[in-house]
Amino acid sequence: GSSLLAAIRAEATAIPLHSRSFSDNLQPQMVFQRLAFICAVMMLTLCHGTQCGPESLEHCNEESRHQIEMIMSRSLGSLSSHLEDMEEKMKEVEDEYAQKIEESSEDQIEALLQEKAKTMYEVSGHGSYHVLKDVIKYKEKEFEAGAKAAEF
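The model shown is predicted, which means the values in this text are computed figures rather than measured ones.

*Asks:* Please give an account of the overall build of the protein chain that cites residues and values.
*Replies:* Counting its secondary structure elements, the protein chain contains 6 helices and 0 strands. From first element to last, N terminus to C terminus, the protein chain shows the α and β order α-α-α-α-α-α. Considering the protein chain as a whole, with its 152 residues, one finds that 20% of them fall into the buried category. When the accessible surface of the protein chain is split by element, carbon and sulfur atoms take 57% of a total near 11300 Å².

Right under this line is the structure:
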């Protein structure tokens, strides 16, 4: 993790604030882009270690902890098949809206993107898709660790 952040910081400091090769009207935009990039790096650094998940329930609010605990109580097989169903529905929505957007005029695209986001939220279990993926990864790691321990 820290080597990635070091690389990102090195990249951020390599972005010149002033350069004679760009016209004066691009200078404020470049400064803003650099500041936005640095802020994103800082947020990544601040949030990275304290993310709510199956391995760190102490960082979850009550609702998220309850959701994770309920998902954790299900078998890995049922979670995996549920995730596959969810991913299939999400792909169908992606394909459907890609087609609609392609056939639409520019003034319709914004409304279609909003509609697509709402539909994706619904088919992804009202945002539980990423939680489900995290729990599956956690259970797979747990299972592999148990299998390795059984070898000895």
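Once you've had a look at it, read on.
*Asks:* I'd like to hear about the environment of cysteine 52, residue by residue, with values.
*Replies:* Within the fold, cysteine 52 resides in the loop between α2 (27–48) and α3 (62–72). Distance from cysteine 52 to arginine 65, taken between C-alpha atoms, is 8.2 Å for residues 13 residues apart in sequence. Those residues in contact with cysteine 52 that lie beyond four places of it in its chain are His59, Cys60, Ser64 and Ile68.

*Asks:* Please set out the side chain of serine 124 residue by residue, giving values where relevant.
*Replies:* Along the chain, the position of serine 124 falls in the loop between α5 (106–123) and α6 (129–151). In contact with serine 124, other than residues within four places in its own chain, are Met86, Met90 and Tyr129.

*Asks:* How would you sum up the nonpolar core? Please name residues and give values.
*Replies:* With 16 residues, the main nonpolar core has Ile71, Leu79, Leu132 and Val135 as its most contacted residues. Mapped onto this core, the elements with two or more residues apiece are α3, α4 (76–102), α5 and α6. At 6 residues, α4 tops the list of elements feeding residues into this core. Isoleucine 71 has contacts with Leu79, Val131, Leu132, Val135 and Lys139, leaving out every residue within four places of it along the chain.

*Asks:* How would you sum up the packing of α4 against α6? Please name residues and give values.
*Replies:* In helix packing, the relevant descriptors are the interaxial angle and the interaxial distance, both defined with respect to the helix axes. Orientation of α4 relative to α6, taken along the N-to-C sense of each, is 145°, at an axis distance of 10 Å. At the point where α4 passes α6, the crossing takes the left-handed sense. Residues Leu76, Leu79, Ser80, His82, Leu83, Met86, Glu87 and Met90 of α4 form the contact with α6, whose participating residues are Tyr129, Leu132, Lys133, Val135, Ile136, Lys139 and Glu140.

*Asks:* Any chance you could break down α5 for me, citing the residues and the numbers?
*Replies:* Look at α5: 26 Å from first C-alpha to last across 18 residues, which is about the 26 Å you get at 1.5 Å a residue. The set of residues buried in α5 consists of Leu112, Lys116 and Met120. Seen end-on, α5 carries its buried residues on one side only, within an arc spanning 75°. Turned more than 90 degrees from where α5 packs its buried face, Asp107, Gln114 and Lys118 sit exposed. Packing partners of the buried residues in α5 comprise α4. Count one or two residues on from α5 and you reach glycine 125, which has phi positive near 70°.

Scoring rules and cut-offs
- Sequence order as written defines residue numbering, which begins from 1 separately in each chain.
- A pLDDT threshold of at least 70 governs which residues receive local features in this predicted model, and a stricter bar of 80 or more applies before side-chain atom pairs are shown or counted, although totals over entire chains, interfaces and linings include all residues.
- As a rule here, side-chain values cover all heavy atoms of the structure and leave hydrogens and water aside.
- To qualify as a helix, a DSSP run of H or I must reach at least 4 residues; to qualify as a strand, a run of E must reach at least 2; elements of each kind are numbered from the N terminus.
- Summary of the burial criterion: residues with accessible area below 20% of their type's maximum are buried, those above 50% are exposed, and those between are partly exposed, where the area comes from a 1.4 Å probe applied to protein chains only.
- For every accessible area listed, the method is Shrake-Rupley and the probe measures 1.4 Å; residues are considered covered only by the protein chains on display.
- Note on contacts: a residue pair is in contact if any heavy atoms of the two residues lie within 4.5 Å.
- By convention a nonpolar core is built from buried Ala, Val, Leu, Ile, Met, Phe, Trp, Tyr and Cys residues, the set being connected through side-chain atoms within 4.5 Å.
- Between N-to-C directions, angles cover 0 to 180 degrees, with each direction set by a line fitted to C-alpha atoms, over the stretch in contact for helices.
- Handedness of each helix crossing follows the sense of rotation of the near helix against the far helix: counterclockwise by less than a right angle gives left-handed, clockwise gives right-handed.
- Multiplying 1.5 Å by the residue count of a helix minus one yields the expected span of that helix.
- To be clear, the arc concerns the directions from the helix axis to the C-beta atoms.

Without other data, these values stay purely geometric and don't point to any function.
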